[in-house]
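# Coordinate analysis (summary)
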Amino acid sequence: MEITVQSSKAVKPAYGGGDTPAAAVVPLTVFDLISFDDYMFSIHAFHPPSPDNAALEEGLARALAEYREWAGRLCADPASGRRWILLNDAGVRFVEATADATLDSVMPLQPTPEVQRLHPSADGAEELMLVQVTRFACGSLVVGHTMHHAVGDGFAISQFLVAWGQATRGVPIDPVPVHDRTSCFVPRDPPRIEFEHRGAEFMAPREKKKENVRSNDGDAGKDDDKVVIQQVRFTREFISELKSRASAGMPRPYSTTQCLAAHLWRCMTKARGLDGGQATSVHLAVNGRARMSPPRVPVGYTGNVVLWAHPTTTAGELLADPLGRATQLIRGEVARVDDAYFRSFIDFASSGAVEEEGLVPASGDPEALGPNVAVYCLLRIPFYDMDFGGGRQFFYTPGYYPAEGVVYILPPSPLGDGSVEAHVSLFSRAVETFKGCCFSMEQPEVVLQ
């Protein structure tokens, strides 16, 4: 498959003949500041017919008029160093490309380096959003996006993409975006810091070790140290049996997310061959939109509202105990990240302790995973609602992100067959063992080293 870039331009907000808003700055919230200081990538595929590129560009400009953040730039307060979003309407990068193959001939798109050609590179980018529209020989359309995590989390990003489709179709944007990044996250007076946030959301800075236990380079090192992404699909029947086994004897069954996270945590721990006494955690993103009240975070909020739960045990106990034990750990720790925890975090992050102690976001730690697993569950994020006028997308995948220990649980397929797909990043040396237990209901064999 040969992809040829035809053009690359900046697209700025189109305000429809009204007054152009003045430039302004939006300080990043405490949630924005602890998010990953990096870009997120996704790819969306559509069957023909679809609007031409000019219509997509016009729709993007109209959507940006409602979502100025994405057309701005990150900057910092010269006095405090605190980061802002500068609303200067500098625009997003819009890349037009063509492919010499039919889309069916390369489907399903695999999580390999090749898919990076379907979304713009973030290398050296100043833009907070870059998009690429690639036309295939059959008339199919693939839209790839590169969007900065400091501006919004996965839910906020999906809402903008849905709004782009609505603007292209000429229908009202729904939900209406809410840009107020302060009123929902005001610290209490006096503050009530009821939980320990050092070591959870924040950590003391440290020098990066020469021998890093986590590799983000899928092509570096020895062959068995290469990171590969395993694409696995769990059928409706497998998930049903998994939930039944995990929930046996429980008054309330565990969710699909809880059961899959527990199962993959155990399989990855087995595949890594960890020492039985080694502590291991599964890091799970917790969306504060449904947990904080009052005031509740508005549905259309455009920023980040995510904290993390960190269920922890030893590798030996994780594998020796039944699946239900790991699932119970996950449910309990996720439940602990409630409104009180979110409010405590806001109070701590706003107290001045972070600046006084020189703490840094734990999400930026290059050794944050090690023996651990990070699970990004996208099951409830409405990426499949994106529609430019020719119908909803038929395929979605995150971009290629070969960070060992990272798991993406993808949104349900629009086919409606009840299956769920996951992308699992592992060192190549662990792949065969992982495959051996991933689709098995048997208790993993415990090997203590």
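Note on numbering: residues in each chain are counted from 1, in written sequence order. Residues qualify for local features only when their pLDDT is at least 70, as the model is predicted, and side-chain atom pairs are given and counted only at 80 or more; totals for whole chains, interfaces and linings, by contrast, use all residues. To obtain the side-chain values, all non-hydrogen atoms of the structure were included, while hydrogens and water were left out.

Formally: UniProt positions are given in the numbering used here, feature names are shortened, and annotations may be inferred rather than shown by experiment.
An unreviewed UniProt entry lists the chain under the name Agmatine coumaroyltransferase-2, with Dichanthelium oligosanthes as the source organism. As stated in UniProt under Sequence similarities (unreviewed entry), the record for the chain gives "Belongs to the plant acyltransferase family."

## Examining the sheet that holds strand 3 (residues 39–46)
Our working rule: Any two strands between which DSSP finds at least two bridges are classified as paired. By the criteria applied, helices consist of DSSP H or I runs no shorter than four residues and strands consist of E runs no shorter than two, each listed in order from the N terminus. Helix axes are fitted to C-alpha atoms over the stretch in contact, other axes to C-alpha atoms as well, and angles between N-to-C directions run from 0 to 180 degrees.
The strand order across the open sheet built from six strands is 1-6-7-8-3-16, with neighbouring strands paired in mixed fashion. Strands at the two margins of the open sheet, each flanked by one partner only, are strand 1 (3–11) and strand 16 (395–398). Neighbour-to-neighbour, the strand axes of this sheet turn through a mean angle of 15°, independent of strand direction. The sheet contact formed by strand 1 and strand 6 (residues 92–99) spans eight bridges and is antiparallel.

## Let's talk about the state of the cysteines
Here is the rule: Count a disulfide wherever a pair of cysteine sulfur atoms falls within 2.5 Å. Note on classification: 1.4 Å probe, protein chains only; a residue is buried when its accessible area is under 20% of the maximum for its type, exposed when over 50%, partly exposed between these limits.
Enumeration over the complete set of coordinates arrives at zero disulfides. A disulfide-free cysteine, Cys 267 has its sulfur positioned 3.4 Å from the sulfur of Cys 437, the nearest such atom. On the basis of relative accessibility, which here comes to 2%, the residue Cys 267 falls in the buried class.

## Brief notes about the domain arrangement of the chain
Many descriptions give the size of an interface as the accessible area lost when the pieces come together. Rules: Where each domain starts and ends comes from a domain assignment, either automatic or drawn from a database. Throughout, a contact is declared for two residues whenever any of their heavy atoms are within 4.5 Å. For any pair of parts, buried area is found by adding up, for both, the accessible area (1.4 Å probe) each one loses once the two are put together. What makes a salt bridge here is a side-chain nitrogen of Lys or Arg within 4 Å of a carboxyl oxygen of Asp or Glu, nothing more. For this analysis, a polar contact is any N or O atom pair within 3.5 Å, provided that within protein one partner can donate a hydrogen and the other can accept it, and provided that sequence-adjacent residues contribute only side-chain to side-chain pairs. Three classes are used: nonpolar for Ala, Val, Leu, Ile, Met, Phe, Trp, Tyr, Cys and Pro, charged for Asp, Glu, Lys and Arg, and polar for all others, with Gly counted as polar.
What the domain assignment lists for the chain is domain 1 (3–169) and domain 2 (225–439). Each partner contributes residues to the interface: domain 1 has 51 residues there, and domain 2 has 45 residues. Regarding the contact of domain 1 and domain 2, the summed buried area is about 4100 Å², with carbon and sulfur atoms giving 65% of it. Between Asp 153 and Arg 289 there is a salt bridge, with its nearest N and O atoms 2.8 Å apart. One can count 16 residue pairs in polar contact (both at pLDDT 80 or more) joining domain 1 with domain 2. Of all the elements in the fold, those that place two or more residues in the side of domain 1 that touches domain 2 are helix 1 (30–34), strand 3 and helix 3 (154–169). Tallying contributions element by element places helix 3 first for the side of domain 1 that touches domain 2, with 13 residues. Looking at the side of domain 1 that touches domain 2, its residues break down into 29 nonpolar, 17 polar and five charged.

## With respect to the nonpolar core
As a reminder of what qualifies: We call a set of buried Ala, Val, Leu, Ile, Met, Phe, Trp, Tyr and Cys residues a nonpolar core when their side-chain atoms join them within 4.5 Å.
The biggest cluster of nonpolar side chains holds 60 residues, and the ones touching the most others in it are Phe 31, Phe 185, Phe 234, Phe 345 and Phe 434. Element by element, the count of residues in this core is highest for helix 5 (residues 256–272), at nine residues. The two domains that each donate at least three residues to this core are domain 1 (3–169) and domain 2 (225–439). The contacts of Phe 31, once residues within four sequence positions are left out, are Phe 185, Met 292, Asn 304, Val 305, Val 306, Leu 307, Phe 342, Phe 345 and Ile 346. Core analysis: the second largest hydrophobic core is formed by 48 residues, Phe 46, Ala 61, Leu 141 and Phe 160 among them.

## Some thoughts on the pattern of salt bridges
Taken as a whole and assessed by the stated rule, the structure comprises 21 salt bridges. Salt bridges sharing common partners tie together Lys 9, Glu 57 and Glu 96.

## What to know about the side chain of Thr 280
Structurally, the position occupied by Thr 280 is in strand 11 (residues 279–287). Classification of Thr 280 by relative accessible area gives buried; the value is 0%. A distance of 2.9 Å separates the side chain of Thr 280 from the backbone oxygen of Pro 371, its partner in a polar contact. Look past the residues within four positions of Thr 280 in its chain and what remains in contact with it is Trp 265, Thr 269, Leu 274, Pro 311, Thr 312, Thr 313, Thr 314, Ala 315, Leu 318, Pro 371 and Asn 372.

## Observations regarding the pairing of strand 4 (residues 73–76)
Within a regular strand, the side chains alternate between the two sheet faces. Of the strand pairs in this sheet, strand 4 and strand 5 (residues 83–87) are connected by four bridges, and their pairing is antiparallel. For Leu 74, the partnering residue across the bridge sits in strand 5 and is Ile 85. Between strand 4 and strand 5, which pair antiparallel in sequence order, lie six residues; one of them, Gly 81, sits at a positive phi of approximately 80°.

## With respect to the side chain of Ser 425
By the element assignment, Ser 425 lies in strand 18 (residues 420–427). Judged by its relative accessible area of 3%, Ser 425 is buried.

## Looking at the confidence of the model for the chain
Any region with low pLDDT has predicted coordinates that should not be read closely. Defined as follows: The pLDDT score gives, residue by residue, the confidence of the prediction method on a 0 to 100 scale.
Of all residues in the chain, 93% attain a pLDDT of 70 or more, and the chain-wide mean is 91. Here residues 207–221 scores under 50 on pLDDT; set against residues more than four positions off or in separate chains, the count is 30 contacts.

## A look at the sheet that holds strand 2 (residues 24–27)
Taken in spatial order, the three strands make up an open sheet running 2-5-4, and their pairing is antiparallel. Two strands close off the open sheet at either side, each with one partner strand: strand 2 and strand 4. Pairs of neighbouring strands in the sheet enclose a mean axial angle of 40°, with direction left out of account.

## Side note on the packing of helix 2 (residues 53–66) against helix 3
Test applied: The scheme is simple: roughly parallel for angles under 35 degrees, roughly antiparallel for over 145, roughly perpendicular for 65 to 115, oblique for anything else. Each crossing gets its handedness from the near helix: less than a right angle anticlockwise from the far helix is left-handed, clockwise is right-handed.
Viewed as axis vectors pointing N to C, helix 2 and helix 3 meet at an angle of 120°, and their least axial separation amounts to 8 Å. Taken as axis vectors, helix 2 and helix 3 run oblique relative to one another. In this structure, the crossing between helix 2 and helix 3 has a hand that is right-handed. Of helix 3, the residues touching helix 2 (which contributes Ala 55, Leu 56, Gly 59, Leu 60, Arg 62, Ala 63 and Leu 64) are Phe 160, Ala 163, Trp 164, Ala 167 and Thr 168. In terms of residue class, the contact of helix 2 with helix 3 is made up of nine nonpolar, two polar and one charged.

## Here we look at the pairing of strand 7 (residues 129–135)
Buried residues dominate strand 7, accounting for seven of its seven residues. Burial of strand 7 is two-sided: the residues Met 129, Val 131, Val 133 and Arg 135 facing one way and the residues Leu 130, Gln 132 and Thr 134 facing the other way are all buried. Where strand 6 and strand 7 come together, six bridges link them in parallel fashion. Among the inter-strand pairings, Arg 93 is bridged to a residue of strand 7, identified as Leu 130. In this structure, strand 7 lies alongside strand 8 (residues 141–148), joined through seven bridges in antiparallel fashion.

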